[in-house]
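What follows is the residue order along each chain.
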Number of protein chains: 2
Amino acid sequence: MVDTAQSAANTTETDIGPTRASDAGTGTGLTDVSVDTGPIRVFGDPSGPAVDVDSLRRQLLGTWADVRLAAREMTAKPEFHGIPGLSMADHRTRAFEQMQRLADNGHVHRAFPAHLGGQDDHGGNIAGFEELVTADPSLQIKAGVQWGLFGAAVLHLGTAVHHDTLLPGIMSLEVPGAFAMTEIGHGSDVASIGTTATYDPQDQEFVIHTPFRAAWKEYIGNAAKDGIAAVVFAQLITGGVNHGVHAFYVPIRDASGAFLPGVGGEDDDLKGGLNGIDNGRLHFDHVRIPRTNLLNRYGDVAVDGSYTSPIASPGRRFFTMLGTLVQGRVSLDGSATQASALALTIAITYASQRRQFTAGSDTDEEVILDYQRHQRRLLPRLATTYAQTFAHDEFLVKFDAVFSGAADTDEDRQDLETLAAALKPLSTWHAIDTLQEAREACGGAGFMAANRLVGLRADLDIYATFEGDNNVLLQLVAKRLLTDYSRKFAKADAGALARYVVKQATGRAYHGSGLRRLSQAVADRGSTARSVGALRDPAVQRQLLTDRVETMIADVASVLRPATHLPKKEAADLFNSQQNALIEAARAHGELLQWEAFTRAVESTTHEGTKQVLTWLRDLFGLGLVEKRVAWYLIHGRLSAQRALAVTAYTDRLIARLRPHALDLVNAFGYTQDHLRAPIASGIERERQDEARDYYRRLRESGAEPVPEKAHKGDRKKKDHPGQ
Amino acid sequence: MVDTAQSAANTTETDIGPTRASDAGTGTGLTDVSVDTGPIRVFGDPSGPAVDVDSLRRQLLGTWADVRLAAREMTAKPEFHGIPGLSMADHRTRAFEQMQRLADNGHVHRAFPAHLGGQDDHGGNIAGFEELVTADPSLQIKAGVQWGLFGAAVLHLGTAVHHDTLLPGIMSLEVPGAFAMTEIGHGSDVASIGTTATYDPQDQEFVIHTPFRAAWKEYIGNAAKDGIAAVVFAQLITGGVNHGVHAFYVPIRDASGAFLPGVGGEDDDLKGGLNGIDNGRLHFDHVRIPRTNLLNRYGDVAVDGSYTSPIASPGRRFFTMLGTLVQGRVSLDGSATQASALALTIAITYASQRRQFTAGSDTDEEVILDYQRHQRRLLPRLATTYAQTFAHDEFLVKFDAVFSGAADTDEDRQDLETLAAALKPLSTWHAIDTLQEAREACGGAGFMAANRLVGLRADLDIYATFEGDNNVLLQLVAKRLLTDYSRKFAKADAGALARYVVKQATGRAYHGSGLRRLSQAVADRGSTARSVGALRDPAVQRQLLTDRVETMIADVASVLRPATHLPKKEAADLFNSQQNALIEAARAHGELLQWEAFTRAVESTTHEGTKQVLTWLRDLFGLGLVEKRVAWYLIHGRLSAQRALAVTAYTDRLIARLRPHALDLVNAFGYTQDHLRAPIASGIERERQDEARDYYRRLRESGAEPVPEKAHKGDRKKKDHPGQ
């Protein structure tokens, strides 16, 4: 199917004329599929760019490549895989048995102290953890509960005595535990939880108590069945003063598996996914624990009940304590990105083999990835998945620097928090969206549990609202952006600020020099080429994306300015009126971060062919973002109508160019059949299609092929009226 | 919480100034929840509009209200409900037992002939069928397989002898059957199926044969376990001529449940949802059936093998045969809309009771439906669900007219097909999207199987690709629009057409008079009021929506014009280059149909308060569509930047106005707790929140409330430095 006769030399693009034969080449995995891509024909030009799949795979593995490769060797083994259709009880049992294997082989111990058998390796620990998602998300999240939440709370909120006495049992899984933070009445608003831990100086004990039903701990992994202890978050009260939320180590079950006196709970039973995890509820009726069970790194109570903390501000103390648990968000960002990569590997492999409808031929049906719509459904999502992969590695490096202590200032921690709050929502929503699109793109086959997509989709659903509801997290990002913005202008003199406000009012505030003004945009009317030329410039893409974030934040800040002078209720109403705009600005900020990481990755790519293809993919990501929000750019005078049209035209062109490289780009994610485990991505579809095409070819050649009625009628007519 | 002191008279809107107190009133279900809506405060003004929930409920029930009410009485009963967490085997058994109840009580017999115990009532049959979705989508779709596909194929493709001999057993469920159309290698391309039915005049039999693996029948309900017969679609070959796809009645299992000789199959096993249905594969190895087992309404083979048909054109015959099965798409449109209504009832009820974060108060947390973002997530989807409900009723009336024979011309059937292909994709995608947003809007509680959303989401997933893949269906719509467009211009003289093309080229083709030109758009700069005034005019909304469909189709037609002169391959490539644009135009056409049905429903509403609220909801739907595609309107000069901003500003205002009516609007869907069966929508959340607030109120009043550390420190400081 590859037409080399009309191949054109690979040249630098200067126009997007719709009839010009283009310059994309064949990728290594493409010898057996059509590379026709519709209007702009793409030819198998051996002089065109080719992806070096091996080096790209290495680049995508990132900073902890060796850990990931070792983890993938493990996750390829059947004993770690989820089995679709297990009953909830059997799935729970299987996940717990798999947990024991992880405890035994040390895969989950990297972050723990070396003197206890760990490696003090925080980044590597998360990298290894993320890889579990291809085995079974239930196993991953249950391991996350045990070692990433329960264990990490003891590690990061406790002190030496807690480490030495509690961590060994947690690491070995001798003590399965729960992380009892969330309450049924307060999902994402942890500061408002109702559970109390009141110090009794008489007995030197804390009394853990659930004062009302909305304060039951809820959705707690390991709570329904396996957990024998829990880190319980509660309002620490001593001497009549509430010092805010602290963490306490609380035994909850005895050796027989029965709740200890005063502890109660319920099984959450069946969920939309992750049914290998025994989520449940916990409540406490004046349960007494020793004073020393307070995990006292950031706040301690002396025997006499006096409270001390290394952090004076209760607010800052709360956020510092919660900040030590940021790794949950870090790892969800990475796992969600891996799930997206897996989904696209399955869907793009299938779309390269599946044939449906004849279009340009009388006998051969088209491979469905050759349809424009199918490309539009899958390739932009592939670009986003690449952006997320590169952004995640940078994020993980930042995380490792903070937790290893290499770069651990207050500002570093705040930046890490903001990064987590910006990236986790985007990647978890992207995973849900991509798994769904991949499922639909595979039709009925995508709906079969055996082909993995529906199961992963069901499991990853909750990633959008746990470890912080995505909408709430984006508001944290927006608040940080607002704070940074107001700091910037706090330093400016009144004159500069006033000028800025005036510029805002006219809706024409331009930042930097990458863009021309609206009046100039008219000048490039008629020359799509010049428009495209500008759009391909990374500086222009950066400017478009940056400008939008800054302008949106400035606009909201200007609306919110009167809030400081309003009564509390009116101020809240004013803030609420900007909630949607703030969330959109935060999303734009996260996307800019991803674009920047992608661009750095392109810059560091050395193989020329790979670099060219990645540049197209980065452009598709960047211009895809602009295309999605092109109304904003038009309304705010950043793009002319002409250039807005060029964005879509050039996006279409990029997609057609990337089509022949699609298989290489998913193969570079590096998953084997043992990770995919989807029959439709195994080659079975190609075998079936080939068998059918062989059958019809042999039938035609045999002369026994039935004549279509239409042809037969025409034939008869001719016989009846030989003169016609 | 209802503030009547500041109530403002209900006036006709002429501006959208952000500070003016607005004019929405309390709905009947609202006495117990806050009606503050953020920046534009909405007050419980008794003179404002109020929804008459009872009459609105009657209106939403539509033309077959009595059938629906009777069906809802049945679906309220526990014996018809799905049970989350059943094993696949148990779920299959339960669904089959429920099917027997439906056969026994006659609920599924309405469409069958009166002389066989049916009612010849096609519209009522679908209305009743749709209601099953709230009981268990597995039951619904399994019933659809038996009576809506297998039975309907015998009814519509067979003739009197088939009706009298086969339908009684099908109706009573004595003969459970399969509808064996789809093949593993040809999902939506039925014309290309590989199964053959070759006539053997010697024995007067058809030989049903599966020539290769891709021609296995796949995803066939009742095939894995229950089906003892099947309607098999195959290429009818007689005398060496292929007369195209026809339907054959083929026994597949004996009394013991074993496959008959020559028949084979596999179980599809676990799916992403609908696991009460035993989907499976079937294949045939030269299976012989009597000549008379051909369902011969549209094509027959005589003893001697000669073929006759009342429809001469093989293409038209094929589409006529498939057209008799349109009811699948009709009923999915209705069921998907009901699932969306159910999801929104759950999520909006919960959001009216759930409190999270204090904003405008020191003690009381906000009801989450008072947050702007939450309103933005749910209320536009509510508007779409209303539009779909009204559109579906009109669709069903059309269906009934065709199938009752009241209006059954070729054109009627084509219109019905187009309507089905336009509406089914929109409503099934909307259901998936709405169920997901509702799930996320309910946080962790939404992920619990007990709260229904995840189960419905999993079951309805496949609605997007079965009974015609949504993307394929929309292309059918687009082709119809293109055909209509070319017919229109076939009648025009060359001069008119040429003028039209010139207008297109300048990108300024205006249709009708509802909109001003770009140059005039500048004139309303600075007056948002005038912009909003225009947007509220239904004629303007209609014009905006119609214009977009027509212009998109005209643009594509202009690009495709050269295709007739191109070689097949080049023509296919050209068509492929417009695939995405065509699908978007078809979507816009479907949305316009929904908007028109909504508008007719508003016009026919007599209760003034209800009419006012429905008008706002219709405006939210219409302007929401414009807002989503505002870039198109900007680029094509239909809206000025000023007016584009007004669309969003007015949408925000409509959402705030509708907020106090949200509960009334979902209550009008008419589902009881027996249909919802979601604990979070039962009032339990309000009880929990009230209990927590009571606890804190009593604690404050008792004087025993612990002092927050911050206040305590301030206190100590004052004591230490009494002079400050």
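These figures come from a predicted structure and were not determined experimentally.

Rules of the game
- Residues numbered from 1 in each chain as written.
- Chains lettered and ligands numbered in written order.
- Predicted model: local features only at pLDDT ≥ 70, side-chain atom pairs only at ≥ 80, totals over all residues.
- Heavy atoms only, no water.
- Helix = DSSP H or I, 4+ residues; strand = E, 2+ residues; numbered from the N terminus.
- Buried < 20%, exposed > 50% of the residue type's maximum accessible area, 1.4 Å probe, protein only.
- Contact = heavy atoms within 4.5 Å.
- Areas by Shrake-Rupley, 256 points an atom, 1.4 Å probe, with all protein chains shown as cover.
- UniProt positions renumbered as here; feature names shortened; annotations may be inferred.
- Axes fitted to C-alpha atoms, helices over the stretch in contact; angles between N-to-C directions.
- Parallel < 35°, antiparallel > 145°, perpendicular 65-115°, else oblique.
- Nonpolar A, V, L, I, M, F, W, Y, C, P; charged D, E, K, R; others polar.
- Least-squares fit on C-alpha atoms with pLDDT ≥ 70 in both.
- Buried area = accessible area lost by both parts, 1.4 Å probe.
- Salt bridge = Lys/Arg side-chain N within 4 Å of Asp/Glu carboxyl O.
- Polar contact = N/O pair within 3.5 Å; in protein donor to acceptor, adjacent residues only side chain to side chain.
- Phe/Tyr/Trp six-rings, centres within 6.5 Å; stacked < 30°, edge-to-face > 60°.
- Lys NZ or Arg CZ within 6 Å of the ring centre and 35° of its normal.

1. Comments concerning the overall build of chain A
Each helix and strand counted, chain A has 26 helices and 12 strands in total. Going through the 724 residues of chain A one by one, you find that 62% of them count as buried. Taking contacts inside chain A between residues at least 6 apart in sequence as the whole, the part at least 24 apart equals 74%. When the accessible surface of chain A is split by element, carbon and sulfur atoms take 54% of a total near 26100 Å².

2. A short note on the UniProt feature "domain: Acyl-CoA oxidase C-terminal" (unreviewed entry) in chain A
In the numbering adopted here, UniProt assigns the feature "domain: Acyl-CoA oxidase C-terminal" (unreviewed entry) to residues 543-681 of chain A. Taken end to end, residues 543-681 of chain A has its terminal C-alpha atoms 40 Å apart, with 78% of it in helix and 0% in strand.

3. Digging into the packing of helix H9 (residues 372-404) of chain A against helix H20 (residues 608-628) of chain A
Residue and element names in this part refer to chain A. At a minimum axis distance of 9 Å, the contact between H9 and H20 shows a crossing angle of 105 degrees. Relative to H20, the element H9 is oriented roughly perpendicular. Judged by residue contacts, Arg376, Leu379, Pro380, Ala383, Thr384, Tyr386 and Ala387 of H9 engage Leu614, Leu617, Leu620, Phe621 and Glu627 from H20. Across the contact of H9 with H20, the residue classes break down as nine nonpolar, one polar and two charged.

4. Thoughts on the relation of the copies chain B and chain A
Between chain B and chain A, the superposition needs a rotation of 180 degrees and an axial shift of 0.0 Å, giving an RMSD of 0.0 Å. On the angle and the small slide along the axis, the relation comes out as a two-fold axis. Closest to the rotation axis within chain B is the C-alpha of Ala631 of chain B, separated from it by 2.1 Å. Looking at the interface residues of chain B, 99% of them are also at the interface in chain A, so both copies use one shared face.

5. Here's the deal with the interface of chain B and chain A
Counting residues at the interface gives 108 residues for chain B and 107 residues for chain A. Summed over both partners, the interface of chain B with chain A buries about 8800 Å², with 55% contributed by carbon and sulfur atoms. Contact with chain A buries area across many residues of chain B, yet Arg373, Phe447 and Glu709 of chain B alone supply 9% of it, more than any other trio. Viewed at the interface, chain A and chain B are joined by six salt bridges. Put simply, Arg373 of chain B and Glu584 of chain A hold a salt bridge, and the shortest N to O gap is 3.2 Å. Counting across the chain B and chain A interface gives 48 residue pairs in polar contact (both at pLDDT 80 or more).

6. Topic: the packing of aromatic side chains
Residue and element names in this part refer to chain B. Summed over the entire model, instances satisfying the criterion amount to 32 aromatic pairs over all chains. Centre to centre, the rings of Phe318 and Phe319 are 5.3 Å apart; their planes meet at 70 degrees, and the pair counts as edge-to-face. Above the face of the Phe96 ring, Lys225 is positioned so that its terminal group lies 5.9 Å from the ring centre. Sitting over the ring of Phe403, Arg413 keeps its end group 5.2 Å from the ring centre.

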